[in-house]
Amino acid sequence: MTEHRRHHRTERAAATGGPADRPVPSAAAPVSSPALRLTVLVGEQDVWHHRPLYAEVVHRARAAGLAGASAFRGVEGFGATSMIHTQRLLSLSEELPVAVVVVDTEERVRAFLPQLSELLAGGGLVTLDPCEAITFGGRPGGAGGADPSG
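Residues numbered from 1 in each chain as written. Predicted model: local features only at pLDDT ≥ 70, side-chain atom pairs only at ≥ 80, totals over all residues. Heavy atoms only, no water.

### Comments concerning the overall build of the protein chain
Check the secondary structure of the protein chain and you find 4 helices and 8 strands. In the protein chain, the share of contacts with a sequence separation of at least 24, taken over all contacts with a separation of at least 6, comes to 71%. For the protein chain, the computed accessible surface area is about 9800 Å², with 58% contributed by carbon and sulfur atoms. (Helix = DSSP H or I, 4+ residues; strand = E, 2+ residues; numbered from the N terminus. Contact = heavy atoms within 4.5 Å. Areas by Shrake-Rupley, 256 points an atom, 1.4 Å probe, with all protein chains shown as cover.)

And the structure:
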């Protein structure tokens, strides 16, 4: 509602003896909390017991009660072999990089690391970055309720 319309409604209510204009409800204020971002980098073709490795990481993160996990497919990249993988035609598009990102409290993320040790025994990279989780729209619980997948 524009300021002009709000002012006009207030004047009209006062002139007619009607109820005072109620303020427009606003969204909950953003909540900020310290968090730890976990990024797991694997190849698209990496598997764990006939399941894509990135999917196994996401499902284990959910089972561990982490706030959320999202897998992002890269369009181009290289890893330990230094071979470029790209989605462009006539190239090695079957082995694109995938990043699984989790944001939660430091304690919860660090408690999840032993599971990654088992999953990544055949290769992979994990990075940990301190960050600030800002939740909007009344979602519960700071970083514990932050869901990077939306």
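### Structural notes on the nonpolar core
Within the largest apolar cluster, 18 residues are counted, with the highest numbers of intra-cluster contacts made by Leu-38, Val-40 and Leu-116. Where this core is concerned, the elements lending two or more residues are strand S1 (31-43), helix H2 (53-63), strand S7 (97-104) and helix H3 (106-119). When sequence neighbours within four positions are dropped, the list of residues in contact with Leu-116 reads Leu-38, Val-40, Val-57 and Val-126. (Core = buried A, V, L, I, M, F, W, Y, C linked by side-chain atoms within 4.5 Å. Buried < 20%, exposed > 50% of the residue type's maximum accessible area, 1.4 Å probe, protein only.)

### Focus: the layout of surface pockets
Taken as a whole, the largest pocket holds about 410 Å³ of empty space. Listed by contribution, the elements that provide at least two residues to the lining of the largest pocket are S1 and S7. Element by element, the count of residues in the lining of the largest pocket is highest for S1, at 3 residues. Looking at the lining of the largest pocket, its residues break down into 8 nonpolar, 7 polar and 2 charged. (1 Å grid on protein atoms, 1.4 Å probe; cavity = no way out; pocket = protein on both sides within 12 Å on 5 of 7 lines; lining within 4 Å. Points joined across faces, edges and corners; volume = space filled by probe spheres on them. Nonpolar A, V, L, I, M, F, W, Y, C, P; charged D, E, K, R; others polar.)

### What to know about the environment of Gly-65
If you trace the backbone, Gly-65 turns up in the loop between H2 and strand S4 (69-73). Under the relative-accessibility criterion, Gly-65 is labelled partly exposed at 33%. For the pair Gly-65 and Asp-104, spaced 39 residues apart in the sequence, the C-alpha separation amounts to 9.9 Å. Not counting the four nearest positions on each side in its chain, Gly-65 is found in contact with Asp-104 and Arg-108.

### What to know about the confidence of the model for the protein chain
Mean pLDDT over the protein chain: 80, with 69% of residues reaching 70 or higher. The least confident element of the protein chain is helix H4 (residues 142-145), whose mean pLDDT is 48; the most confident is H2, at 97. Counted against residues more than four places away or in other chains, residues 144-150, with its pLDDT under 50, gives 24 contacts. (pLDDT = per-residue confidence, 0-100.)

### Observations regarding H2
Those residues of H2 not exposed but buried are Leu-53, Ala-55, Glu-56, Val-57, Arg-60 and Ala-61. Buried residues along H2 sit in contact with S1, strand S2 (47-48), strand S3 (51-52), S4, S7 and H3.

### Brief notes about the pattern of salt bridges
Going through the model one piece at a time under the given rule, you end up with 7 salt bridges. The partner of Arg-37 in a salt bridge is Asp-129, and the shortest N-O contact between them spans 3.8 Å. Taken together, the positions of Arg-37 in strand S1 and Asp-129 in strand S8 (residues 125-135) put the pair 92 residues apart, joining distant regions of the chain. Between Arg-110 and Glu-106 there is a salt bridge, with the nearest N and O atoms lying 2.9 Å from each other. Here the residue Arg-110 and the residue Glu-106 both occupy positions in helix H3, the gap between them amounting to 4 residues, near one helical turn. The exposure class of Arg-110 is partly exposed, given its relative accessible area of 42%. (Salt bridge = Lys/Arg side-chain N within 4 Å of Asp/Glu carboxyl O.)

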